[in-house]
Structures are given as C-alpha cells and as structure tokens.
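The chain contents come next:
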Amino acid sequence: KKKKTNSSTSTSLENKDFVISTLPKPSKEELQKENQVEFYPYIQSMSPRISFKINAQDVKDTEAVYGLLYLIPRFKSPQWEAGADLTGSGNGSIHLSKRFIINERDYFRPYYKYGLNLSIMPQEKLATFLNVKNYGFRAGIGLEDLLRHPMSLRLDLETVISLNSSYLLISFGYSWGW
C-alpha cells in the first residue's frame, strides 16, 4: 500500500528562502555576566579576628580580644567551629560551637551558633580545666560575605555566660576558605 504524503507542506517549505548565518559574538561584559555564578565552594575556613569584649556587669569595662576560629569541614550545615581567644591581660578562652549557616553556598552567608566556652585563667595553671566556674555557654549570630575568592569579610556578635562572668563580644575579621 502506498503511503500518502502531504505534498503541499513539503512544497511550501522548499519554496521559502531561508537565511542561515552565524549569530553575532557577545561582548566580553555579556559573557562575564552570563558566566558569573554565585557559588561558595569552600567547606572549611580559618578566621582571624579582633573583638571588643564588653563586661555585662560594667559596660565601661571593655578590652580588646584577639581570636582565631576554625570551621571543621562538612559539606552540609550545621558545622562545628572551634576557636581560641586571647585578651591583652593574658586571659583567654577556648570554645566549640555548632554553627548553622543560612544560604551556605551563597556569597552572603548569615549564621547563628551556640556551644561551650572555657575561660582560661593563667594564675590557675592546669587547674583552670577543673574549675567548673570557668565553663560557660556561648551563643551568637554573624555573617560572612565573599570579598574575593577565597576571602570573606566576617562580623560576629556573641554572648558568653558562665558562673563567674558574662560578657558580649563584637568581632570583626575575615575568613579564609578552602
């Protein structure tokens, strides 16, 4: 059996003039905009920072605090963050927090965290680890914003509450991801 074809359709296409040409090349700016993807690829970071410690009992009692934080690698939030801080008077603290990052793969990454804090008192020597009054709770909010790969600007607002003291930390630093 012969199959019927629609000759009017094929003829109408054959009689049309088609122009096939290449598209104009996009400009360099258009290519950069098209290829720009805001994706934060790093899962761990090191963050040096400077903080201002404000004593909750006496707001005039402030001092500078120098710190270093390490974000332990994990692809998905929450992540663990370990840190150490040192004041000009020789006191310090070590802390471990669980950090919940909002928009963890975007350039702008706000977060909140909570965890444990151990105040280090040099006059107590190794007994500082046994003194229950040196242990406390730490909570905070913050944000990181990518400046250029792999460096981000970092701002933190944290509070520490223990049996012997409570204070607020306002921190500024950067985060180096890898």
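Everything discussed here concerns the structure shown above.
Computed from a predicted structure; not experimentally measured.

## Quick notes on unusual backbone geometry
Thinking step 1. Going from serine 77 to proline 78, the amide bond is cis rather than trans, its omega being 5 degrees.
Thinking step 2. Note on placement: proline 78 falls in the loop between β2 (62-71) and β3 (79-87).
Thinking step 3. Omega for the bond connecting histidine 149 with proline 150 falls within 30 degrees of zero, at -5 degrees, which places this linkage in the cis form.
Thinking step 4. Looking at the secondary structure, you find proline 150 in the loop between β6 (135-148) and β7 (151-162).
Thinking step 5. For lysine 125, which is not glycine, the phi torsion reads 55 degrees and is therefore positive.
Thinking step 6. Turning to its location among the elements, lysine 125 is positioned in the loop between β5 (108-120) and β6.
Thinking step 7. Judged by relative accessible area, which is 66%, lysine 125 ranks as exposed.

## Things to note about the packing of aromatic side chains
Thinking step 1. Under the definition given, this model contains four aromatic pairs.
Thinking step 2. Between tyrosine 40 and tyrosine 42, the aromatic rings sit 5.1 Å apart at their centres with planes inclined by 80 degrees, giving edge-to-face as the arrangement.
Thinking step 3. Classification of tyrosine 40 as buried rests on a relative accessible area of 5%.
Thinking step 4. With centroids separated by 5.7 Å and ring planes inclined at 25 degrees, the aromatic side chains of phenylalanine 100 and tyrosine 114 adopt a geometry described as stacked. In this pair, phenylalanine 100 is assigned in strand β4 (residues 92-101) and tyrosine 114 in strand β5, connecting sequence segments 14 residues apart.
Thinking step 5. According to the relative accessible area criterion, phenylalanine 100 is buried, its value standing at 19%.
Thinking step 6. When its relative accessible area of 38% is taken as the criterion, tyrosine 114 is described as partly exposed.
Thinking step 7. Aromatic rings pair up to connect Phe100, Tyr112 and Tyr114 into one cluster.

Reading guide: rules and limits
Residues numbered from 1 in each chain as written. Predicted model: local features only at pLDDT ≥ 70, side-chain atom pairs only at ≥ 80, totals over all residues. Heavy atoms only, no water. Helix = DSSP H or I, 4+ residues; strand = E, 2+ residues; numbered from the N terminus. Buried < 20%, exposed > 50% of the residue type's maximum accessible area, 1.4 Å probe, protein only. Phe/Tyr/Trp six-rings, centres within 6.5 Å; stacked < 30°, edge-to-face > 60°.

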